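# Examination of the molecular architecture
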Amino acid sequence: KLPLLSVTGIATDLAAQQVMINDISTNGLLLHAKVSEKGVNLAELFQPKSDAKNTNEATASINVDSNAQTEATPWLVKLGGFNLNNYDLRINETVATAGTDWQIASLNISTGPLTSELKEPIDYDIDFEINQKGKFSAQGKAQVDKQMVDSQYKLSKLQLAQFQPYLKDKLNID
């Protein structure tokens, strides 16, 4: 369930091969997922409920034109900002435990301007609640092309008991 996805201020310049977007915002996603040793079945998550039985029947093919220009100039996409607000992720993890439920709630992620070249640092702000008992936040700059992050992190009110299923063989947390 995703109540809002908004893309505003779209403009293109064909001569300069540029797309400018003022803002992409999304709000209120509620997502239930199961994480197993096989990973997360994303096809199942995004398939309409009426077609869930036919997951394995869907196929796709891509035709490649061998005469297509291989040295094409890439388009430049400029985004003024991205805002993801109030997401609620409910995850059942069965990789390291027999089944542990996690809730990542009130998830908010925002960025400053960015381009498809990813050469300039991107300002970001992330915060969320963990199982209604802890809070995580991070603010900083990410420089994708240099694989560098300069960030300030804060983790508060995290209950260690929620990690007991992962440590039960080595440690008892009460």
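So, here is what we can say about the structure in this document. Computed from a predicted model, the values in this text were never measured in an experiment.

## A look at the packing of aromatic side chains
One pair of aromatic rings is described through two measures. These are the centre distance and the angle between the planes. With the rule as written, the count across this model stands at two aromatic pairs. Here F128 and F136 contribute two aromatic rings whose centre-to-centre distance is 5.1 Å and whose plane-to-plane angle is 35°, an arrangement assigned as tilted. Arranged with centres 6.1 Å apart and planes meeting at 35°, the rings of F136 and Y153 form a pair that is tilted. Residue F136 is found in strand β9 (residues 134-143), and its partner Y153 is found in strand β10 (residues 148-156); the two are separated by 17 residues along the sequence. Residue Y153 is classed as exposed on the basis of its relative accessible area, which comes to 57%. Grouping aromatic residues by their ring pairs yields a cluster made of F128, F136 and Y153.

## Considerations on the pattern of salt bridges
Per the stated rule, a full pass over the model turns up three salt bridges. Across the pair R90 and D88 runs a salt bridge, and its minimum N-O distance is 2.8 Å. On the accessibility criterion, R90 (35% relative accessible area) is partly exposed. The buried category is assigned to D88, whose relative accessible area is 14%. The residue D127 makes a salt bridge to K135 at a minimum N-O spacing of 3.7 Å. Owing to a relative accessible area of 35%, K135 belongs among the partly exposed residues under this scheme.

## Overview of the nonpolar core
Core analysis: the largest hydrophobic core is formed by nine residues, namely L29, L84, Y87, L89, W102, I104, L107, F128 and I130. Those elements that place two or more of their residues in this core are β5 (82-93), β6 (100-111) and β8 (122-130). Aside from chain neighbours lying at most four places away, what touches F128 is I104, A105, S106, L107, G134, K135 and F136.

Calculation criteria
Residues numbered from 1 in each chain as written. Predicted model: local features only at pLDDT ≥ 70, side-chain atom pairs only at ≥ 80, totals over all residues. Heavy atoms only, no water. Phe/Tyr/Trp six-rings, centres within 6.5 Å; stacked < 30°, edge-to-face > 60°. Helix = DSSP H or I, 4+ residues; strand = E, 2+ residues; numbered from the N terminus. Buried < 20%, exposed > 50% of the residue type's maximum accessible area, 1.4 Å probe, protein only. Salt bridge = Lys/Arg side-chain N within 4 Å of Asp/Glu carboxyl O. Core = buried A, V, L, I, M, F, W, Y, C linked by side-chain atoms within 4.5 Å. Contact = heavy atoms within 4.5 Å.

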